[in-house]
Amino acid sequence: MNPQLLLGAEAIALAAIDAGISGVYAYPGTPSTEITEFIQQSDVARQKGIHSAWATNEKTAYEAALGMSYAGKRTLICMKHVGLNVAADAFINSAITGVHGGMVVVVADDPSMHSSQNEQDTRVYGKFAFLPVIEPSEQQETYDAVRYAFDFSEEMQLPVLLRITTRLSHARSIVLPKAPRDENPFNPSTDKRKWILLPVNARVNYAKLLDKQKQLTAVSESSFLNKEIAGTGKKAVIAFGIAFSYVMEVRESAQLDFPVLKISHYPLPDKTIRAFTEHYDDILIVEEGYPVYEELLKGYFGNSKFHGRLDGTLPRTGELSPDILAKALGVEDGEARQAIPSVVAGRPPMLCQGCSHRDVFEELNTVFEAYPEKHLFSDIGCYTLGALPPFSAINTCVDMGASVTMAKGAADAGLHPAVAVIGDSTFTHSGMTGLLDAVNDRSPVTIIISDNSTTAMTGGQNSAGTGRLFDICKGIGVEEAHIRTIIPLKKNSEENKAILKEEMEYKGVSVIIAQRECVQTASRKRREKAKETPA
Ligand code: SF4
């Protein structure tokens, strides 16, 4: 097999194809999107008929993947860290059902919140669900880990969680692929006790899951993903996942030779860790994300041997980097290495010129002038940038779908007008159920679906409700007379503002679909069409 220069995300995708998956299920979210996109663009995946359409949200993706596993086939599921909150119900219960065909759940965490609402650490979910977690530290190991994780999943009959972070997902390195494996045959599970989580079955399955923990720990003890780097001195480092790569970069560039224990397989290999720590007086714990294992190793009453994020040796929040580690390890030029080269220009986020959201916010701001107070509940998408000048248009942005439900709650409390703005993809992801609540309670809300016919923020993936938003809203029960469609363009501005005003005044549920395609998606489609059309 030829070496390939791949992003970490692409290494996961290629490994999954080579591991014989029959489907990938995902909702786009930075920094996980490229995994599914690679499979969608792969000729090999197309020839094999690997399923790779985007799901409506992470929960539907997870459940569909579980269905494919039930049928005996291998499946990959991909999402960003906050997506696992959406899929958490299915995720936790899948630990109790277990799997049939191998199932690997890739969750990409975003420490430092480059494009996310929080920096939660997915390893906590793995511990919570009692599932094995694998956290590779570089691209080749990522490829190997994914291949291994599918075999391990089938051996243990459990989903295996693969945790990556932004830098691993988005950095390129050479990867040497292995020979591809065939897909599993179609072989649906017949074990009803396993799959029907009635309490009588769930109790048995849960006990089995707990029984497996010893075996999972024993596998970690001998995993190829954990290793010890010998060194000298009484100070040592325990590094987890990609943090190991940062530690080794500092160790090599500063020509240090402290001992390092690398952990990339959980549950923790406790015997290995105990044997290692006995030899040293001071141990720096380096993990990307929460101090999950630092807390555990330090113990409830504190063990002064261990240092890290909890005692301030490392910053409590944000991404780690070789520069931060250099400082923590006492390397003197650590400060100087942090300087960002002048060639890297600062780029404050802003809506593209010509974006339809701009017209929506301008019109909304004008209409709001007639009211003593403006309260606009927003959601997650490009339009969240409407919070920034020059629009300064939105008051809240909490999680996917929360614009609709927060506007409803505020309306129930007496706020008028209570207006939500949500994108078309986010609406189908998790806004629809909130709209149903508003309809059932006859809450006086105005929901603006800023419909650009794509999932723009993550790069223009298909949106689940494209072309059907009117029918969906009607089906949910919004009165037809109060589902209005506008085209947010300057030439329609007066007409649009009149419609916005009318619906804000209406004391019931109204929906305004502001329909104009994302200019980036539209121009990409034009470029693709031009390529296909012979000159
Ligand atoms: S990518 Fe599309 S939706 Fe997002 S800001 Fe640009 S034009 Fe607007």
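All values derive from a computational prediction rather than experimental measurement. (Residues numbered from 1 in each chain as written. Predicted model: local features only at pLDDT ≥ 70, side-chain atom pairs only at ≥ 80, totals over all residues. Heavy atoms only, no water.)

Caption draft 1: Main features of the overall build of the protein. Check the secondary structure of the protein and you find 20 helices and 18 strands. Relative to the compact-globule value of 24 Å for 535 residues, the protein shows a C-alpha radius of gyration of 25 Å, a close match. Considering only C-alpha atoms, the protein reaches an extent of 75 × 60 × 60 Å along its principal axes. When each of the 535 residues of the protein is scored for burial, the buried share is 55%. A separation threshold of at least 6 residues defines the contact pool for the protein, and within that pool the share at least 24 residues apart is 77%. A total of about 23,400 Å² of accessible surface is found on the protein, and carbon and sulfur atoms cover 55% of it. The averaged location of the 65 negative side-chain charges in the protein is 3 Å from the averaged location of its 54 positive side-chain charges. (Helix = DSSP H or I, 4+ residues; strand = E, 2+ residues; numbered from the N terminus. Rg over C-alpha atoms; globule rule 2.2 N^0.38 Å. Buried < 20%, exposed > 50% of the residue type's maximum accessible area, 1.4 Å probe, protein only. Contact = heavy atoms within 4.5 Å. Areas by Shrake-Rupley, 256 points an atom, 1.4 Å probe, with all protein chains shown as cover. Lys, Arg positive; Asp, Glu negative; His and termini not counted. Charge placed at Lys NZ, Arg CZ, Asp CG, Glu CD.)

Caption draft 2: Region of interest: the pairing of strand E17 (residues 483-486). Where E17 and strand E18 (residues 510-515) come together, four bridges link them in parallel fashion. Across the sheet, Ile483 pairs through a bridge with Val511, a residue of E18. (Pairing = 2+ DSSP bridges.)

Caption draft 3: Focus on the packing of helix H15 (residues 356-368) against helix H19 (residues 493-505). Running from N to C, H15 and H19 cross one another at 55°; their axes reach a closest spacing of 9 Å. Between H15 and H19, the crossing angle belongs to the class labelled oblique. At the point where H15 passes H19, the crossing takes the right-handed sense. For the pair H15 and H19, the contacting residues are Glu363, Leu364, Thr366, Val367 and Phe368 in the first and Ser493, Asn496, Lys497, Leu500, Lys501 and Met504 in the second. Looking at the contact of H15 with H19, its residues break down into five nonpolar, three polar and three charged. (Axes fitted to C-alpha atoms, helices over the stretch in contact; angles between N-to-C directions. Parallel < 35°, antiparallel > 145°, perpendicular 65-115°, else oblique. Left-handed = near helix turned anticlockwise from the far one by under 90°. Nonpolar A, V, L, I, M, F, W, Y, C, P; charged D, E, K, R; others polar.)

Caption draft 4: The sheet that holds strand E10 (residues 260-263), seen in detail. Read across the open sheet, the five strands follow the order E8-E10-E9-E12-E13; overall the sheet is mixed. Whereas interior strands pair on both sides, the edge strands pair on one side only; in this sheet they are strand E8 (227-229) and strand E13 (306-307). Pairing between strand E9 (residues 235-240) and strand E12 (residues 282-286): five bridges, direction parallel. Across the sheet, Val237 pairs through a bridge with Leu284, a residue of E12. Sitting on the sheet, helix H11 (residues 243-253) touches E8, E9, E10 and E12, and the angle it makes with E9 is about 145°.

Caption draft 5: Spotlight on unusual backbone geometry. Pro31 follows Thr30 through a cis peptide bond whose omega is 10°. Within the fold, Pro31 resides in the loop between strand E2 (21-26) and helix H2 (33-41). Despite not being glycine, Phe130 has its phi angle at roughly 65°, a positive value. Take Phe130: it is sitting in the loop between helix H6 (122-129) and strand E5 (133-134). Exposure remark for Phe130: the relative accessible area of 29% places this residue in the partly exposed category. Its identity as a non-glycine residue notwithstanding, Arg442 has a phi of 50°, on the positive side. Along the polypeptide, Arg442 turns up in the loop between helix H17 (424-441) and strand E16 (445-451).

Caption draft 6: View of the UniProt feature "domain: Thiamine pyrophosphate enzyme TPP-binding" (unreviewed entry) in the protein. Within this numbering scheme, the UniProt entry marks residues 379-512 as carrying the feature "domain: Thiamine pyrophosphate enzyme TPP-binding" (unreviewed entry). Along residues 379-512 one finds 37% helix and 15% strand; the C-alpha atoms at either end are 15 Å apart. (UniProt positions renumbered as here; feature names shortened; annotations may be inferred.)

Caption draft 7: Here's a closer look at the packing of aromatic side chains. Per the stated rule, a full pass over the model turns up eleven aromatic pairs. Each ring, one from Phe91 and one from Tyr125, has its centre 6.2 Å from the other, and the planes form 90°; the classification is edge-to-face. You can see Phe91 sitting in helix H5 (residues 81-97) and its partner Tyr125 sitting in helix H6, a full 34 residues away along the chain. For Tyr125, a relative accessible area of 17% corresponds to the buried category. Every member of this aromatic cluster is reached through a ring pair, and the members are Tyr62, Phe91 and Tyr125. Above the plane of the ring of Phe240 lies Arg123, whose end atom (NZ or CZ) is 6.0 Å from the centre. Across from the ring centre of Phe258, 5.7 Å away, lies the NZ or CZ of Arg251, which sits over that ring. (Phe/Tyr/Trp six-rings, centres within 6.5 Å; stacked < 30°, edge-to-face > 60°. Lys NZ or Arg CZ within 6 Å of the ring centre and 35° of its normal.)

Caption draft 8: Fine view of the site of the ligand. Within the structure, the ligand sits among Leu351, Cys352, Cys355, His357, Cys382, Asn452, Ala456, Cys518, Val519 and Gln520. Within the shell around the ligand, the residues separate by chemical class into seven nonpolar, three polar and no charged. (Near = heavy atom within 4 Å.)

Caption draft 9: Highlighting the environment of Asn452. Counting through the fold element by element, Asn452 comes out in the loop between E16 and helix H18 (469-476). Considered as a pair, Asn452 and Ala514 are 62 residues apart in the sequence and their alpha carbons are 8.1 Å apart. When neighbours within four sequence positions are excluded, Asn452 is seen to be in contact with Ser356, His357, Asp424, Arg516, Glu517 and Cys518. A polar contact of 3.4 Å, which involves the side chain of Asn452, links it to the side chain of His357. (Polar contact = N/O pair within 3.5 Å; in protein donor to acceptor, adjacent residues only side chain to side chain.)

Caption draft 10: Structural context of a nonpolar patch on the surface. A surface patch of nonpolar side chains, amounting to about 270 Å² of accessible area, comprises Ile196, Leu198 and Val200. Residue position: Ile196 is located in the loop between helix H9 (192-195) and helix H10 (199-221). Residue Ile196 is classed as partly exposed on the basis of its relative accessible area of 39%. (Patch = residues over 30% accessible without salt bridge, like charges linked within 9 Å, V, L, I, M, F, W, Y side chains within 5 Å. Salt bridge = Lys/Arg side-chain N within 4 Å of Asp/Glu carboxyl O.)

Caption draft 11: Summary view of the domain arrangement of the protein. Under the domain assignment, the protein is made up of domain 1 (4-222), domain 2 (227-329) and domain 3 (356-521). Here the C-alpha centre of domain 3 lies 47 Å away from the C-alpha centre of domain 2. (Domains from an automatic or database assignment.)

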